Amino acid sequence: MITADNGLTRCEKNVIIGLLATMLLASCTLWGCGQREDATRVFVASSMTDFIEELIAVDGQNGSANATDVNIAGSGTLLLQINEGARADVVILAGAEYMEELNRTGDFHPPTEFAMTKLSIVIAPDLKDKDLTVRDLWSGKFQGAMCVLSAPCGQLASQYAASQNLDMADLSLEPNVRAVLAKIERGEVDFGFVYHTDLLSSTAGVAEVQGSGASKFSTSYSFAVSNNLKHSAQAQSLTNAITGEVGQRILEELGFNQP
Amino acid sequence: MNTSSPALLDARVVLQRGDLNLDVELSVQRGETVAIMGPNGAGKTTLLYALLGWIPIQSGWVLVDNDIFEAPGQDEVTPTRERELGMVFQDGLLFPHLKVIENIRFGTNKDDDLLDLLQTLEIFPLLKKYPSELSAGETQRVALARTLAARPKMVLLDEPLALLDLSARSNARNMIQTALQQSLAGALLVTHDPADAFALAQRVLILEGGRVTQFGTPDQIRAKPKSRWVADLMGWNVFYGVGQGSSVGLESGIEFATAEANLSGKAMVMISPSSVALFVERPSGSPRNSWLCRIRRVEYLDGLARVSLFGPLDIYADITLAAASELDLTPGREFWVTVKATEIQAQVLKTE
Amino acid sequence: MNRLPIGVRILAVLSFGFVSLPLLSLLWRVPWPRLWTLVASDTVTDALFLSLTSSVFAALLALALGVPLALQLSKMSGFAASIARAVVVLPMILPPVVGGAALLFAFGRNGLVGSLVADVSGVVLPYSISGVVLANTFVALPFVVITVEGALRAIDPRYALAASTLRANSSAITFRVVLPMVRPAVIAGGFIAWARALGEFGATITFAGNIQGKTQTLPLAVFVALESDREAALAMSVLLISVSLIVLISLRERWWPVR
C-alpha cells in the first residue's frame, strides 16, 4: 500500500477528506450558506402569485422590490412555516381566519385588507354549451373538484355547499385553487370551485355556471408586517406599492374587488 | 471431414477471439476419453464452448454421432440444447436454488433410473442437501451426475478436479473413471494435471497457442514429448542449440549425439531424467554424450532419487533408490553423466 | 471481528442520526393521549385501508411489469440499452407531481390512451382506486427494475449454458434457473416498491385526485390535515410509520438484500 508522508495510507486520507467535506456541507446547511439575510422576505398565498410577480416587475424600478425574497405557498403552509420559526417580513394571506391566527403570534402589526375575490363554479370547456345548472352537476354524472378545506377557497366552497344543501363528499380535494382550475381546463374533472379571478385568468375556454349564487361567498386578502423588521424602509415601500395606485391597478386588471 | 466416420466426435474448430487464434482438429471415438492439456490461454475452455455451440466458430465443422451441428455451407447451427453434449464445469456450477436431487433431475425424464449413477458417484447421502452445503469433491460428483443423468452422447469436462485437494483427487478420479465407463459415452477432459490425463484418457491432445502440438496416447506423449511445454511438464531436461547432421551443438560448446539425421538450424534437445545415467568412472564403451558434472542437490521422491547436477551441463537425473544407495550422492561430488544417443529427443525448431 | 476505520464509523452514526432525528422530533410532537381518538376516525381508517390495498396492488403490478422489463434490459447492451434504462428510471427522478401530470396526459379522461379506453370500455382511471394503483405503480416500477436487473447481471452466464446442455429451452432457463436465482432480489424489489407506493403523494393527488374514501390515501389525508388539524396529521404519520416499521422489521431479510 502506498504510504503518504504523514504516515496515513491513501485510503485513510480519503476518509478524512470525506469527513471534512461532510462537516463543511453540514455546517453550510445548518448555518445557511447563501441565505440573503439583507433581503426583505415576503410570504405570499398562492392565489396572489400573479399579483405579487406583476407588482415586483412593474414596481421594481422604484426600488421597493429590490432584494425581495418571495416565498409562495398555500396560506396554511405559510402559517405552519411561520409557527415553526421562519422569518417573514411581510405576509400576504387569504381568508380572515388565517390572518387572525397570524395575529395571535404577536409578531406582526395589525393586518390591512387590500383585496377580495368571489367564489365561482366553473365547468370544463367541452361542457360549456350544455347550459348546465348546479342541480345538473350534482346528478351523479359529473366529477367535481374543490380546494382542500384548509385553503380559503375550500372553506368558501363548503360554506356554499352548506347553504345549498349539497353533498361535497365525492369532490376531489386539490391542494390549491390552481390545481382545481388546471384540472377543469384539461377536462379531467367536469366542474370545480375556483375564484372569479382564476376564471378570468384562464385562457382555456372554461365557463362559469350562471345563477349558482356562489358569488355571494367571497374571501379577502390582507397583509401584515412584522413588528421586528430589519429593513423597515424596504417593507414599507412594498406595502405602499400594494395599497397605492400601482397595486390597485394590477388588482383590478386581475379581477379582484375592493374590500 | 469424413461424414461416414465412425468417430463419435469429429470436429475442426477455427475461431478468433481476443488474442486467441484457435485452429484445432480433433476426434473422439465411442467410449474413448481424450484429455486436452496445454498452458493457460491456449484455448482449451474456448474449444469446449465452441463444441457446445456457446461460442460461434468461424469455419470448420462439428459432427457428433454423424449429426452435423455446424459445417461449411450449412446456415442452420444446431443450438446447444439439441447437441446432447454434457458439460462439467471446473466449479461444478450447480444451480444454487435447487437441492442435489433436483439438480441431478434437471435434465432427465421423470422416470429415468438413476440408481446406478447415484451409487457409483456415492451421492445418496447428499440428495437432500443444497449445493452450498457440499464440499468441493461432493460438488464435482454431483455435477458429473447431473451431466450424466441427462444421458448425453458425449461429456465435456473442464478441469473437474482442479479445485479438489490432493487427497480427494484420486478418489474422485476413480469415480469419474467408473462413471464414464458405465455411461459408455465419449469424453473430452480438459486438465492441467498429467496424472489426471494419463489416468483417465486413452489419448491426450496438447494444445498450445490455439494449435495442436501433439495428439497421441499417454505412452507416446511420455516417451516422446514434441514441445518444450510437454517436456517441462514431464520434468524432462530441455536444451536449445544448433543442429548439424545427427548432432546438436549448444552455445557452451557441449555437443549432443542423437539418433536423428539431417538436423539443421535451431534445434531443441529433450532428455528424460530417467535416461540420464551416473558413473563414478568414465564409461569406456561410450565415448559420446559423457560429461563430468558435480552434484548440486538430491531429492528423494516416491521410489527414486532426483539428482540435480551442474558443470558443463545443468541436468536432472532420476536414479532408482537401489542405485542411489550404491553411489555416494553427496552434494559437491563429481560423476560422469551419460546419455545414450537413442534416448535423446532432438527436434528442429520451426522458424516463424 | 474486523472493525471499520473510525472515520467511517463516525459518518455512519451521523448519517443514522440524520435520518432518525426528524422522525424522533415528529414523535415528540404527537399528542399521545388523544392518539386513539384521532386515528379511529372514518377519514383515517378509510385512508389506511386504501393505502394498504393500493400499495400492495401497486407493488404486485410493479413486479408483474418490472420483472419482464428487467429480464429484457439485462439482455440488452449498447446505446439502445442506455436509453431504455434512462427512460425506465426517469419516474424516480421526476417530481411525482410531474409524473402525475404525465399520467393524466396519457391515461387521463382526455389523455392519449385514456380517452380511447374510456370510449371503448367506459372505464375512467382518474378519481378511482385503479388510478391510485396506476400512479403508485408508475413511481414504484423503477425500483423493481433496478433491483432485479442488478441481480440478473450478477448471475454467471454459464448457468444458462449449463442449463442448455441439460436440454433446457429459453423458457426453462428463464423460469427454472434465472428467476429462481434472483428470487431474493425480486422479493426485495417488491418490498421497496411497496414502501415507495405507500408513501406516494404527488403523482397520486395529481392523477387520482383526493376524494375521501375513494382516492384519499394516508399521505393525502396527512397533507390535508397538516394545514387544518395538525394533531390529526401527526397521529396519521405515526400510524403510517408504525405500519411500515412493523412490516419492514417483521420481514427483515426478505426485503433488505443481505448476503
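If you're wondering where the values come from, they're calculated on a predicted model, not measured in any experiment.

## Here we look at the interface of chain A and chain C
Piece 1. Listed as interface residues are 24 residues of chain A and, on the opposing side, 26 residues of chain C.
Piece 2. Between chain A and chain C we count two salt bridges in total.
Piece 3. Here Arg109 of chain C and Asp190 of chain A are joined by a salt bridge, their closest N and O atoms 2.4 Å apart.
Piece 4. Taken together, the links from chain A to chain C amount to seven residue pairs in polar contact (both at pLDDT 80 or more).
Piece 5. Elements supplying a minimum of two residues to the side of chain A that touches chain C: α1 (10–31), α3 (75–83), β6 (172–174) and α7 (177–186) of chain A.
Piece 6. Per-class residue counts for the side of chain A that touches chain C are ten nonpolar, seven polar and seven charged.

## A closer look at the side chain of Ser172 of chain A
Piece 1. Position of Ser172 of chain A relative to the elements: it lies in strand β6.
Piece 2. Look at Ser172 of chain A and you get buried, because its relative accessible area is 0%.
Piece 3. Reaching out from Ser172 of chain A, the side chain makes a polar contact with the backbone nitrogen of Asn210 of chain C at a distance of 2.6 Å.
Piece 4. If near-sequence neighbours (up to four positions away) are discounted, Ser172 of chain A is found in contact with Gln143, Gly144, Ala145 and Met146 of chain A together with Tyr127, Gly209, Asn210 and Ile211 of chain C.

## Concerning the packing of helix α2 (residues 49–59) of chain A against helix α10 (residues 245–254) of chain A
Residues and elements named next belong to chain A.
Piece 1. The contact between α2 and α10 brings their axes to 10 Å, and the two run at 135°. Between α2 and α10, the interaxial angle falls into the category oblique. Here α2 runs over α10; the crossing is right-handed. Each of Asp50, Phe51, Glu54, Leu55, Val58 and Asp59 in α2 lies in contact with α10, whose residues at this interface are Val246, Gly247, Arg249, Ile250, Leu251, Glu253 and Leu254.
Piece 2. When the residues that make up the contact of α2 with α10 are grouped by side-chain class, the tally is seven nonpolar, one polar and five charged.

## Some thoughts on the packing of aromatic side chains
Piece 1. Under the defined criterion, the tally for this structure stands at 13 aromatic pairs over all chains.
Piece 2. Ring centres 5.3 Å apart and planes at 70° place the aromatic pair Phe256 of chain B and Trp291 of chain B in the edge-to-face group. Here Phe256 of chain B is found in strand β13 (residues 255–257), whereas its partner Trp291 of chain B is found in strand β16 (residues 290–301), with 35 residues between them in sequence.
Piece 3. In this structure Phe256 of chain B comes out as buried when scored by relative accessible area, which is 0%.
Piece 4. For Trp291 of chain B, a relative accessible area of 9% puts it in the buried group.
Piece 5. When the ring of Phe201 of chain C is compared with that of Phe223 of chain C, the centres are 5.0 Å apart and the planes differ by 50°; the resulting orientation is tilted. Pair noted here: Phe201 of chain C is in the loop between α10 (183–199) and α11 (202–207) and Phe223 of chain C is in helix α12 (residues 218–228), with a separation of 22 residues, a long-range link.
Piece 6. Aromatic ring contacts, followed pair by pair, group Trp138, Tyr160, Phe191, Phe193 and Phe217 of chain A into a single cluster.
Piece 7. The ring of Tyr316 of chain B has Arg306 of chain B sitting right over it, with the charged end atom 5.8 Å from the ring centre.

## Re the state of the cysteines
Residue and element names in this part refer to chain A.
Piece 1. Enumeration over the complete set of coordinates arrives at one disulfide over all chains.
Piece 2. Covalent S-S linkage joins Cys147 and Cys153, the inter-sulfur distance amounting to 1.8 Å. What sets the handedness of the Cys147 and Cys153 disulfide is the S-S torsion sign, and at about -110° it is left-handed. The exposure classification of Cys147 matches that of Cys153, with both residues buried.

## What about the domain arrangement of chain A?
All names here are of chain A.
Piece 1. When the domains of chain A are assigned, the result is domain 1 (10–116 + 219–253) and domain 2 (118–216).
Piece 2. Listed by partner, the interface residues are ten residues for domain 1 and nine residues for domain 2.
Piece 3. Carbon and sulfur atoms make up 52% of the surface buried where domain 1 meets domain 2, a total of about 810 Å² over both sides.
Piece 4. If you sort the residues of domain 1 by the area they bury against domain 2, Ser47, Tyr98 and Thr219 come out on top, with a joint share of 46%.
Piece 5. Summed over the shared surface of domain 1 and domain 2, the number is one salt bridge.
Piece 6. The shortest N-O distance in the salt bridge between Arg178 and Asp50 comes to 3.4 Å.
Piece 7. Linking domain 1 to domain 2 there are two residue pairs in polar contact (both at pLDDT 80 or more).

Each value, and the rule that gives it
Residues numbered from 1 in each chain as written. Chains lettered and ligands numbered in written order. Predicted model: local features only at pLDDT ≥ 70, side-chain atom pairs only at ≥ 80, totals over all residues. Heavy atoms only, no water. Contact = heavy atoms within 4.5 Å. Salt bridge = Lys/Arg side-chain N within 4 Å of Asp/Glu carboxyl O. Polar contact = N/O pair within 3.5 Å; in protein donor to acceptor, adjacent residues only side chain to side chain. Helix = DSSP H or I, 4+ residues; strand = E, 2+ residues; numbered from the N terminus. Nonpolar A, V, L, I, M, F, W, Y, C, P; charged D, E, K, R; others polar. Buried < 20%, exposed > 50% of the residue type's maximum accessible area, 1.4 Å probe, protein only. Axes fitted to C-alpha atoms, helices over the stretch in contact; angles between N-to-C directions. Parallel < 35°, antiparallel > 145°, perpendicular 65-115°, else oblique. Left-handed = near helix turned anticlockwise from the far one by under 90°. Phe/Tyr/Trp six-rings, centres within 6.5 Å; stacked < 30°, edge-to-face > 60°. Lys NZ or Arg CZ within 6 Å of the ring centre and 35° of its normal. Disulfide = S-S within 2.5 Å. Domains from an automatic or database assignment. Buried area = accessible area lost by both parts, 1.4 Å probe.

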